[in-house]
Amino acid sequence: MANNYNRVYNFSAGPAVLPVEVLETARDEMLNYQSSGMSVMEMSHRSKVYDNIIKTAEKDLRELLNIPESYKVLFLQGGAHLQFSMVPINLLKNGIADYIVTGQWAKKAYIEAQKYGKINKIASSEDKNFSYIPDCSDLNISSNADYVYICENNTIYGTKFKTLPNTKGKTLVSDMSSCFLSEPVDIAKYGLIFAGVQKNVGPAGVQIVIIKDDLLRDDLPSWCPTMLNYKIHADNNSLYNTPPAYGIYICGLVFKWLKNIGGLEKMKEINLKKAAILYDFLDKSNLFKGTVEKNSRSLMNIPFITGSEELDKKFIEESAKNGLLQLKGHRTVGGMRASLYNAMPIDGVKKLVEFMEKFEKENTK
Ligand SMILES: *Cc1c(COP(=O)(O)O)cnc(C)c1O
C-alpha cells in the first residue's frame, strides 16, 4: 500500500523518497538476511552471501540500462562531489577538457577540474539564472579536449538536456545524479556516467560510475591517490576496500523494483505522466509559474514560484501542514521545487496539484 505508515508525500530533492516496497523488504530482511542469520549491515563484504548481493545488483543494473560489455560498473563512495575530482584526474591526458555549465553542480565540477588542467567553459546558461539548456549542436569543442562534461539534469534549476551536445567525437562525461534510472539511456553515447544514488536510487553514500573500459588507465600520475583511480576499483569489482555495502544492497532492491514495474521504458512513461500533471497546472495557473523554459523542463525536479515571497512562504508552511513536505526551493531560485523522482507515487502529484488549486483560490482576488 502506497500511503500507510503515516508517511507524508516527500518532495525532497535529495536524499529523497524511496519505494515503500523496497523499505518493507529492507525491514523484513533487517535482522536476518535470507537465512544468513545476520543483517546485511553486519556481514563481511568478502562473504559469499554479500558477493551475491553486489553481483546481482550489478547484473540487474546492466539489464535495466542495457549496459554494453565494454563498460564497467563501479560502486564507489565520496558523493558526486568526489567525481568532480576523479573525472579530471583519471581522464585528462592532454590536460584539456570542455565544460558546459548549466547550474551549480556543473559549475562546481568546472571549478574543481581547474586544479588538474586547462578547463574551458564552452557554453553556459548562467545569463538567465540557469533556466534553460543552451544550444549545444555546434559548440567550439577544443581539438585536443580529453572529454566534454555535462550535468544532464540540473537538480536545483529543473532543467534537463533533451538532446546531448554534439561533442564532435570527444568523450562525453555526464553527471546523471538526479535523473539516473528515470528513463532509458543509450550508454554507448557516453564515455563515463556517474550518479549519486541519494536522488533517485538509494540511500546517500553510494556513487555509481559507468565507464567505458578504454578510459581505464595504467599510466595515471603517481600522485593520484589509489582510492581515486577508477582502474583499481574496476580491477577489484568495486571490492578494493570495504564498499558502502548496505547502500548497495538497497540500490539492488530498487533495481528489482524497477524491473518489476517493467523497466525504464515503463518508468519513463510513468514519470512523463506525473510531470505532466504538475506542468499542465502550472501552465494554466493564475498564481503559480514554472521558472524553466518549456523545452528544457526536467521530469524530476520542477521549480515554481508565485511571484510573491510572502505567498511562497505561506504555501510552503501550509502545504507541509497538509502532508506535502520538502517543497521549499533552492535558495538561488527561491519559491518552491517539487522533486518527482521514480518513487513519488502519482497520487502525491495529484494531491499537490489539488492543494495548489485550493491555495490559488484562497489567495487570488
Ligand atoms: C546532489 C547532486 C550533486 C552533489 O551530490 P553529493 O553526493 O552531495 O556530492 C551533484 N550533482 C547533481 C546533479 C546533484 O543532484
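For the structure itself, consult the block above.
Keep in mind it's a predicted model, so treat the numbers as computed, not measured.

> I keep staring at empty space enclosed by the protein and nothing clicks. Help me out?
By the definition in use, this model includes one cavity of 30 Å³ or more. In this model, the largest cavity occupies a volume close to 30 Å³. Taken together, Tyr279, Gly290, Thr291, Val292, Arg297, Ile302 and Pro303 make up the full set of residues lining the largest cavity. When its residues are assigned to classes, the lining of the largest cavity shows four nonpolar, two polar and one charged.

> Whenever I open this one, helix α1 (residues 20-28) confuses me. Can you help?
Because an α-helix packs 3.6 residues into every turn, residues spaced three or four apart end up facing the same way. Within α1, the full set of buried residues consists of Val20, Val22 and Ala26. Looking straight down α1, one finds that the buried residues subtend no more than 160 degrees of arc, so they occupy a single side. Against the buried residues of α1 lie α6 (245-261).

> Explain the sheet that holds strand β10 (residues 207-212) to me, please; I cannot follow it from the model alone.
Across a sheet, strands are paired by hydrogen bonds formed along the backbone, either parallel or antiparallel in direction. If you trace the seven strands from one edge of the open sheet to the other, you get β2-β10-β9-β8-β5-β3-β4, paired in mixed fashion. The sheet is open, and its two edges are formed by β2 (71-76) and β4 (118-124), each paired on a single side. Geometrically, the sheet is characterised by an average inter-axis angle of 15 degrees between neighbouring strands, direction not taken into account. The pairing of β2 with β10 spans six bridges and is antiparallel. Its bridge partner being in β10, Leu76 is matched across the sheet by Gln207. Along the sheet, helix α2 (residues 48-65) makes contact with β2 and β10, crossing β2 at roughly 130 degrees. Against the sheet, helix α4 (residues 104-113) engages β3 (96-101), β4, β5 (147-151) and β8 (172-175), with an angle of about 160 degrees to β3.

Conventions adopted
Residues numbered from 1 in each chain as written. Predicted model: local features only at pLDDT ≥ 70, side-chain atom pairs only at ≥ 80, totals over all residues. Heavy atoms only, no water. 1 Å grid on protein atoms, 1.4 Å probe; cavity = no way out; pocket = protein on both sides within 12 Å on 5 of 7 lines; lining within 4 Å. Points joined across faces, edges and corners; volume = space filled by probe spheres on them. Nonpolar A, V, L, I, M, F, W, Y, C, P; charged D, E, K, R; others polar. Buried < 20%, exposed > 50% of the residue type's maximum accessible area, 1.4 Å probe, protein only. Helix = DSSP H or I, 4+ residues; strand = E, 2+ residues; numbered from the N terminus. Arc of directions from axis to C-beta. Contact = heavy atoms within 4.5 Å. Pairing = 2+ DSSP bridges. Axes fitted to C-alpha atoms, helices over the stretch in contact; angles between N-to-C directions.

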